[in-house]
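The lines below spell out each chain.
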Amino acid sequence: MYRSRLFIISILLILFFIPGFLSAQELKGIQLVKPQMDSGRLLMHVLKDRKSSREFSNRKLPIRVLSNLLWSACGVNRPDSGKLTAPSAKNWQEVDVYVATEKGLYLYNAQKHRLDPVLAQDIRALTGSQSYVKDAPVNLIYVADYTQMGTAANDVKDLYSAVDTGFIGQNVYLYCASEGLATVTRGTIDRVALGQAMHLRPEQRIILAQSVGYPKK
Ligand SMILES: Cc1cc2nc3c(=O)[nH]c(=O)nc-3n(C[C@H](O)[C@H](O)[C@H](O)COP(=O)(O)O)c2cc1C
């Protein structure tokens, strides 16, 4: 009796934990190419063109563009200190950028400028409630990890992680405006469903998502 119960519990544990583990194993990480520092248009022109767009072609982003996009978002711009293109309260760097593509879900590792594999599953449609979301080749998901924010009170963590996400999102907007890419940041998300699909821990909070791609002609 005891043995059979133990057997059933073991099977349930395996079924619960293994899928995420296996999925990450099946997806390979991607070493991003060095960001190009000699690209981009005049800042004032870029600001003039910054806007939200909600129609995406299904053309994929080349690795060079993805590399520049993520570095602009929150890549390391001062290697001596490991600080980023986006400011963060107390330099907590608590906002993780997950990258949902057709191939699967990755986590941007800013310090190594690399995409670490998370899930070999296309979860783009789950990153927002609007129909255009699934069409974008890349959906960024901004997730705050509250364990990176010391002993601050929860309302402070809520406020600072939202503000820090805004800086990252604006960097993405500006890079997209400079490169002629379409983008829109989004708060309309089923956070419970997406959090489950991403296997997030309870201390991780989905703040916003942002779709990026080429505009539909
Ligand atoms: C915090 C935040 C949440 C947003 N959520 C959504 C959203 O869920 N869906 C959407 O289509 N646009 C969303 N937007 C984009 C706004 O609708 C857009 O910025 C606004 O209409 C102004 O347009 P513009 O960005 O072209 O200036 C959001 C913007 C912000 C800043």
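Residues numbered from 1 in each chain as written. Predicted model: local features only at pLDDT ≥ 70, side-chain atom pairs only at ≥ 80, totals over all residues.

## Considering the pairing of strand S4 (residues 95-100)
Of all six residues making up S4, five are buried, and the element is well covered by its neighbours. Of the strand pairs in this sheet, S4 and strand S7 (residues 138-145) are connected by six bridges, and their pairing is antiparallel. When the bridges of S7 are listed, Val97 appears paired with Tyr142. The hairpin turn running from S4 into strand S5 (residues 105-109), its antiparallel successor, is four residues long. (Buried ≥ 20, exposed ≤ 12 C-beta atoms within 10 Å, placed from the backbone. Helix = DSSP H or I, 4+ residues; strand = E, 2+ residues; numbered from the N terminus. Pairing = 2+ DSSP bridges.)

## Describing the confidence of the model for the protein chain
On average, residues of the protein chain carry a pLDDT of 92, and 88% of them reach 70 or more. This model gives residues 13-19 a pLDDT under 50, and the stretch forms zero contacts once residues within four places in sequence are excluded. (pLDDT = per-residue confidence, 0-100. Contact = placed C-beta atoms within 7 Å.)

## Things to note about the site of the ligand
Looking at the ligand, the residues that line it are Lys51, Ser52, Arg54, Gln130, Val184, Thr185, Arg186, Gly187, Thr188 and Leu208. For the shell around the ligand, the element with the highest residue contribution is strand S8 (residues 182-186), accounting for three residues. (Near = placed C-beta within 6 Å.)

## So, the nonpolar core
Membership of the largest hydrophobic core comes to 51 residues, with the highest contact counts inside it found for Val97, Tyr98, Val99, Leu140, Tyr142 and Val172. At the level of elements, helix H3 (63-74), S4, S5, strand S6 (114-119), S7, helix H4 (154-179) and strand S9 (204-213) are the ones that each hand at least two residues to this core. Among the elements that take part in this core, H4 stands out by supplying seven residues, more than any other. (Core = buried A, V, L, I, M, F, W, Y, C linked by C-beta atoms within 7 Å.)

## Describing the sheet that holds S4
Strand order across the open sheet formed by seven strands is S1-S6-S5-S4-S7-S9-S8, with antiparallel pairing between neighbours. Where the open sheet ends on each side, the last strands, each with one partner, are strand S1 (30-31) and S8. Across the face of the sheet, H3 comes into contact with S4, S5, S7 and S9 while running at roughly 160 degrees to S4. H4 rests against S4, S7, S8 and S9 of the sheet, and its axis sits at about 10 degrees to S9. (Axes fitted to C-alpha atoms, helices over the stretch in contact; angles between N-to-C directions.)

## A look at the environment of Tyr146
On the secondary structure map, Tyr146 appears in the loop between S7 and H4. Exposure remark for Tyr146: the 18 C-beta atoms within 10 Å place this residue in the partly exposed category. Sequence-wise, Tyr146 and Glu94 are 52 residues apart; in three dimensions their C-alpha atoms are separated by 6.9 Å.

## Description of the environment of Lys157
Its location among the elements puts Lys157 in helix H4. In this structure the C-alpha to C-alpha distance between Lys157 and Thr147, which are ten residues apart in sequence, comes to 9.9 Å. Beyond its immediate stretch of four places on either side in the chain, Lys157 contacts Tyr146, Met149 and Ala152.

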